[in-house]
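What the coordinates show
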Amino acid sequence: MLAKVKLIFSLVLCVTTGLVQAVTFRASIDESKWVLESSKFECKLSQDIPAFGIGEFLHEAGVEPLFTLKPTQRLAIKRKATLVVEASPWQPGMPTSLIGYLEAGRVLKTNAVYAGQMLVALYKGMSPTFTVDRWMNSEDQLRVALSAANFKAAYNDYIKCVAGLLPANYRQVARTAVLFPPAGWTLSDATRERLELIAFYVQEDKSVSAIYIDGHSDSGGRRLLNRDLSKQRAEEVTRYLVSLGVDKSMITTRYHGERYPVVPNTSKTNRARNRRVTIRLDKE
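Okay, so let's go over this structure.

Any covalent bond linking the sulfur atoms of two cysteines counts as a disulfide. The tally for this structure, following the rule as stated, stands at one disulfide. In this model, C43 is linked to C161 through a disulfide, with the two sulfur atoms separated by 2.0 Å. Linking C43 and C161, the disulfide has an S-S dihedral of approximately -95° and is accordingly described as left-handed. Of this pair, C43 sits in strand β3 (residues 42-49) while C161 sits in helix α3 (residues 151-163); the two residues are 118 residues apart in sequence, bridging distant segments of the chain. For the pair C43 and C161, one class covers both residues: buried.

Next up on the list: unusual backbone geometry. At A51, a residue that is not glycine, the phi angle is positive and equals roughly 65°. Its place among the elements puts A51 in the loop between β3 and β4 (53-60). Judged by its relative accessible area of 73%, A51 falls in the exposed class. Even without a glycine there, the phi angle at A183 is positive, about 60°. A183 gets classed as exposed once you look at its relative accessible area, which sits at 58%.

Moving on, we get to helix α2 (residues 112-123). In a regular helix each residue adds 1.5 Å, so 12 residues correspond to 16 Å; α2 covers 17 Å between its end C-alpha atoms and thus fits that length. Three or more residues of α2 are buried, namely Y114, A115, M118, L119, A121 and L122. All buried residues of α2 lie within an arc of 160° about the axis, which places them on one face of the element. Backbone nitrogen of V113 and a side-chain oxygen of the N-cap are separated by 3.2 Å at the start of α2; the cap is N111. Downstream of α2 by a residue or two, G125 has a phi angle that is positive, lying close to 85°.

Cut-off values and rules
Residues numbered from 1 in each chain as written. Predicted model: local features only at pLDDT ≥ 70, side-chain atom pairs only at ≥ 80, totals over all residues. Heavy atoms only, no water. Disulfide = S-S within 2.5 Å. Helix = DSSP H or I, 4+ residues; strand = E, 2+ residues; numbered from the N terminus. Buried < 20%, exposed > 50% of the residue type's maximum accessible area, 1.4 Å probe, protein only. Expected span 1.5 Å × (residues − 1). Arc of directions from axis to C-beta. Polar contact = N/O pair within 3.5 Å; in protein donor to acceptor, adjacent residues only side chain to side chain.

Next up, the structure:
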């Protein structure tokens with residue numbers, strides 16, 4: 001069945017190409033350069049596409065890689081795009097295969113699955129190609145292709161960069177809430193694991209300048225006791241972060257008792273959400 005679908009797609013592509021004039025943008029072998037920008041926070045592998053724009057693979061710490069096609073002209077892409085893998089000029093006879101379809105936008109963004117398939121295709125020497133009908137409101141079809149020339153060497157460096165990424169990015173650790181049992185302030189294993197991730201990130205990212213720790217309780221029990229309980233929780237989180245090497249001068253520890261519930265204290269589930277300590281990171 002899959003073979004039939006691929007055959008039909010290939011026939012449709014051939015017929016369409018015969019009926020519509022296509023404008024193709026692709027770097028020549030001499031122009032094909034892959035540029036890597038690397039850090040422990042992200043790995044960016046990009047190629048300039050002459051007279052069109054930039055194609056960019058971005059792998060941020062803690063998430064899967066994505067690909068973005070960025071035209072220089074803002075309104076260059078106004079319709080849905082088809083993404084295929086085609087033979088490079090030095091691969092005559094290799095069949096074309098469909099990856100999928102992308103919504104129109106100022107830029108074209110793939111998901112992680114598509115990005116992975118594109119990387120595999122480039123490593124095999126093939127050319128991921130985007131096709132859009134009615135380029136710039138003309139009758140012409142737009143084709144934008146990535147060149148696989150000189151890709152493997154850059155890809156090897158890209159993989160080394162990916163291996164050195166932090167386990168999380170700033171967005172994933174900047175706002176955290178850890179929960180506590182009734183009348184308790186002992187850190188659970190899950191909470192310790194989360195705090196260890198935060199401490200590791202803070203020590204690696206020197207732009208983090210402050211940490212705010214706020215303790216809270218539910219409304220069960222006496223108000224003053226709840227205030228003391230939220231204080232114990234916040235101080236326990238602070239102690240653990242400091243024990244992991246976080247500079248104590250960066251930390252502001254506060255406690256609020258039952259004053260700021262995130263949900264009404266009307267059920268067991270809601271009360272559990274209110275028994276919390278929040279950890280917020282700020283950058284310079």
